[in-house]
Amino acid sequence: MSRIKAKRVGFRIDMTPMVDVAFLLLTFFMLTTKFRPPEVVKIDLPSSHSQLKLPESDVLTVTVSRDNTFFMGVSSQQSREKIFNAVVKSKLQAAGFSAGAITDSLKQFKLAENFRVESGELDKFVVMARFANQKLRPVIRADADAGFDAVNQVIKVYKKANMLTFNLITVLEKEVR
Amino acid sequence: MGIVDSPNGRRHKKKGRRQSKRIGFHLDMTPMVDVAFLLLTFFMLTTTFSKSNTMEINIPPEKTEVRVAENNVLTLRIADDAMAYYSLGENAPRKIPLYDTRRMALSGELRQLLREQTKSNEKLVIVVKISEKAKYRHLVDVIDELNLMKIDRFSLDDYTEQDALEIKRAI
């Protein structure tokens with residue numbers, strides 16, 4: 001018979017490579033993670049079979065919520081600043097805000113992913129965004145139960161601003177036909 | 001958790017006053033590695049590589065007119081009651097349900113109609129008109145269906161009062 005195995009007391013294993021890999025993965029996930037900003041409104045996206053992905057930069061998003069209110073978002077901060085200077089600033093000045101308050105709200109505006117837009121002012125904001133960045137890709141992110149009139153208004157605004165190719169955000173439909 | 005050592009794991013004793021060069025000092029890295037793994041699992045579990053799916057639409061510019069022969073136009077009107085009304089050319093529209101009752105998908109009737117019509121007439125242009133009172137969902141579903149059938153000759157048009165009158169004479 002074979003030898004009786006000695007009970008292995010306190011054996012050691014070099015864990016350095018495993019820890020190295022763990023740290024590598026950790027740094028990767030930490031650097032790639034972008035925390036999802038808190039949503040202003042809950043949007044229940046419609047489903048489709050489209051697999052096209054949304055581009056990452058230069059996106060102009062108009063969100064239409066279930067109760068037909070509009071929110072607008074531009075992905076780059078420079079564009080946001082231009083929009084602020086062109087549209088929002090004059091309005092704040094007219095309302096009698098001090099220069100400091102305006103700078104503060106600019107800072108806030110630059111960080112905001114989405115801001116609310118009244119339906120009458122949507123065209124002004126979209127045209128300004130278009131001026132600020134010519135390469136903007138217009139996107140509509142509307143709730144499935146939003147009225148078509150509201151969405152149609154956005155489409156008309158895009159058309160007026162000569163943005164004729166745009167994307168509708170959907171979620172992938174699970175059901176297979 | 002394992003103990004991570006530096007290669008020379010033996011601690012040297014200090015000799016006298018002068019501190020000798022510390023070769024191979026021992027450091028227990030267990031807590032650090034524990035925290036690292038904790039963070040790693042957290043980030044791995046919370047990360048979703050989500051990029052939204054989108055659907056691309058082209059709309060014609062404001063002031064262009066494309067003339068299409070009347071009998072090559074299939075108008076598909078979608079009213080607020082989730083009913084589709086289709087008409088070829090100037091014919092009276094016919095009413096078909098937009099959705100299947102069982103599944104939340106477009107009705108087989110409508111799909112069959114679109115498939116047959118596009119097959120029989122290659123020049124067919126589908127004009128989709130959606131009532132202002134309808135839901136955005138209808139637009140997405142119709143366009144999705146057209147995309148699935150690889151029909152790219154379609155366009156969106158405004159739903160006017162005339163269209164509302166038109167669907168009243170539906171059969």
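Read on for a plain summary of the structure. Only a predicted model underlies this, so the values are computations on that prediction, with no experimental measurement involved.

### Digging into the overall build of chain B
Summing up its helical and strand segments, chain B has 4 helices and 6 strands in all. Looking at chain B as a whole, 22% of its 171 residues are labelled buried. Sequence separation of at least 24 residues holds for 55% of the intrachain contacts in chain B that already meet a minimum separation of 6.

### Considering the interface of chain B and chain A
Of the residues lining the interface, 34 residues belong to chain B; the matching set on chain A comes to 41 residues. Counting only elements with at least two residues in the side of chain B that touches chain A, the list comes to α1 (30-46), β1 (53-58) and α3 (136-148) of chain B. With 8 residues, the top contributor of residues to the side of chain B that touches chain A is α3 of chain B. The class makeup of the residues in the side of chain B that touches chain A is 18 nonpolar, 9 polar and 7 charged. When strand β2 (residues 52-53) of chain A meets β1 of chain B, the two strands line up antiparallel, connected through 2 bridges. Note that in β1 of chain B the partner of L52 of chain A across the bridge is T54 of chain B.

### Topic: the environment of K159 of chain A
With respect to the secondary-structure elements, K159 of chain A resides in helix α5 (residues 148-160). According to the C-beta neighbour criterion, K159 of chain A is partly exposed, with 15 such atoms within 10 Å. With residues near it in sequence (within four places) discarded, K159 of chain A still touches L164 of chain A together with I59 and E62 of chain B.

Each value, and the rule that gives it
- Residues numbered from 1 in each chain as written.
- Chains lettered and ligands numbered in written order.
- Predicted model: local features only at pLDDT ≥ 70, side-chain atom pairs only at ≥ 80, totals over all residues.
- Helix = DSSP H or I, 4+ residues; strand = E, 2+ residues; numbered from the N terminus.
- Buried ≥ 20, exposed ≤ 12 C-beta atoms within 10 Å, placed from the backbone.
- Contact = placed C-beta atoms within 7 Å.
- Nonpolar A, V, L, I, M, F, W, Y, C, P; charged D, E, K, R; others polar.
- Pairing = 2+ DSSP bridges.

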